Amino acid sequence: MYSDLSNKLTGALALTQPPVAITFGDDASNAPEPEQAVPAGCSFWEIGAKQTVSTHAAHHQHCSIGVHTHNLQGAAASQGAELETALGAMTGLGYVTGDEVAQIPVMGKNHSNVTYGPLNEAQNQPTLVLVVADAAQSLTLTEAVTRVDGQAPPAMGRPACALVPQVVNSGAAAASLGCCGARAYMDSLKSNIVLWGLPGDRLEQYVSTIETMSSANSILTNFHTKRR
């Protein structure tokens, strides 16, 4: 099922990076663990486009903000202090204010495990699906998401990892323009790229509507091109 949905989603949008299934859980996963921790949790979004890996808090240990937004169980006590230090530095730069920090989405429930992998390899329903899209693809996504959710999707800013709890907590799709950190850690996050999160429990509906919008956009683009 998920291989078929992945193929349809990739084909409809002409994606250059495979959709990534992100699954939160508390039971041990059969997927292999990464060999080492990464500099930022968003690094797993690129790793997960190539292979399925099962992670826990220790694999996210260098990313205190990501551990915070993902509400991961088993995080080292020192990460609380690291988070305060990081946020203090950002506040000092005027990058965030105390009120803005309080508004950053955080997973409503904590989990011990996060699995990342290509959607076409998913065996069970993912918590959400991450799509890396350019501006033109994001047009189609916006139109489809607005129809499915009954409202226009939010376009979020920093931190990029807040996209995950935003989608999970709201049960609706969202877009993220990333953040300077994610754009430093992710090679695929070019200047024209937007990140999208789609709730896993309605993925089939999103994909079907994306296919409809993609086909309509193709026909209408041809019409407007000739009309011009």
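Since the structure is predicted, the reported quantities are computational estimates derived from the model, not experimental observations.

### Some details on the overall build of the chain
No. 1: In terms of helices and strands, the chain carries 9 helices and 7 strands.
No. 2: What you see for the chain is a C-alpha radius of gyration of 18 Å, in line with the 17 Å of a compact globule of 228 residues.
No. 3: Once the C-alpha set of the chain is aligned to its principal axes, its extents read approximately 60 × 45 × 30 Å.
No. 4: When burial is assessed residue by residue, the chain has 47% of its 228 residues classed as buried.
No. 5: When contacts within the chain are restricted to residue pairs at least 6 apart in sequence, those whose partners lie at least 24 apart make up 70%.
No. 6: Surface summary for the chain: the accessible area is close to 11200 Å², and the carbon and sulfur share equals 51%.
No. 7: Within the chain, the 18 negative side-chain charges are centred at a point lying 15 Å from the centre of the 11 positive side-chain charges.

### Let's talk about helix α1 (residues 2–13)
Since the α-helix packs 3.6 residues into each turn, any two residues three or four apart lie on the same face.
No. 1: Across its 12 residues, α1 extends 16 Å between first and last C-alpha, which sits within 8% of the 16 Å expected from 1.5 Å per residue.
No. 2: Within α1, the full set of buried residues consists of Y2, L5, S6, L9, A12 and L13. Each buried residue of α1 sits inside an arc of 140° when the element is viewed along its axis, so together they form one side.
No. 3: Of the residues trailing α1, A14 is marked for its positive phi of about 55°.

### Things to note about the pairing of strand β7 (residues 193–199)
No. 1: With respect to burial, β7 is a largely interior element, 7 of its 7 residues being buried.
No. 2: The two faces of β7 match: I193, L195, G197 and P199 on one face and V194, W196 and L198 on the other face are all buried.
No. 3: Strand direction decides the pairing type here: strand β4 (residues 128–134) and β7, joined by 7 bridges, are antiparallel. Bridging across to β7, L130 finds its partner in G197.
No. 4: Bridging between strand β6 (residues 174–176) and β7 involves 3 bridges; their strand directions are antiparallel. Of the residues in β7, the one forming a bridge with A174 is G197.

### Remarks on the pairing of β4
No. 1: Burial of β4 is extensive: 6 of the 7 residues sit out of reach of the surface.
No. 2: The pairing of strand β1 (residues 20–25) with β4 spans 3 bridges and is antiparallel. Each residue of the ladder has a partner; that of A21, found in β4, is V129.

### Considering the nonpolar core
No. 1: I22, W45 and L195 are the most contacted members of the largest nonpolar core, which has 34 residues in total.
No. 2: For this core, the elements supplying multiple residues, two or more each, are β1, α2 (43–47), β3 (113–118), β4, α7 (163–170) and β7.
No. 3: Ignoring sequence-local partners within four residues, the contact set of W45 consists of Q17, V20, I22, Y116, L130, A160, C161, V164, M186 and L195.
No. 4: L13, A122, A133 and Y206 belong to the second largest nonpolar core, which has 26 residues in total.

Here is what the cut-offs are and how they apply
Residues numbered from 1 in each chain as written. Predicted model: local features only at pLDDT ≥ 70, side-chain atom pairs only at ≥ 80, totals over all residues. Heavy atoms only, no water. Helix = DSSP H or I, 4+ residues; strand = E, 2+ residues; numbered from the N terminus. Rg over C-alpha atoms; globule rule 2.2 N^0.38 Å. Buried < 20%, exposed > 50% of the residue type's maximum accessible area, 1.4 Å probe, protein only. Contact = heavy atoms within 4.5 Å. Areas by Shrake-Rupley, 256 points an atom, 1.4 Å probe, with all protein chains shown as cover. Lys, Arg positive; Asp, Glu negative; His and termini not counted. Charge placed at Lys NZ, Arg CZ, Asp CG, Glu CD. Expected span 1.5 Å × (residues − 1). Arc of directions from axis to C-beta. Pairing = 2+ DSSP bridges. Core = buried A, V, L, I, M, F, W, Y, C linked by side-chain atoms within 4.5 Å.

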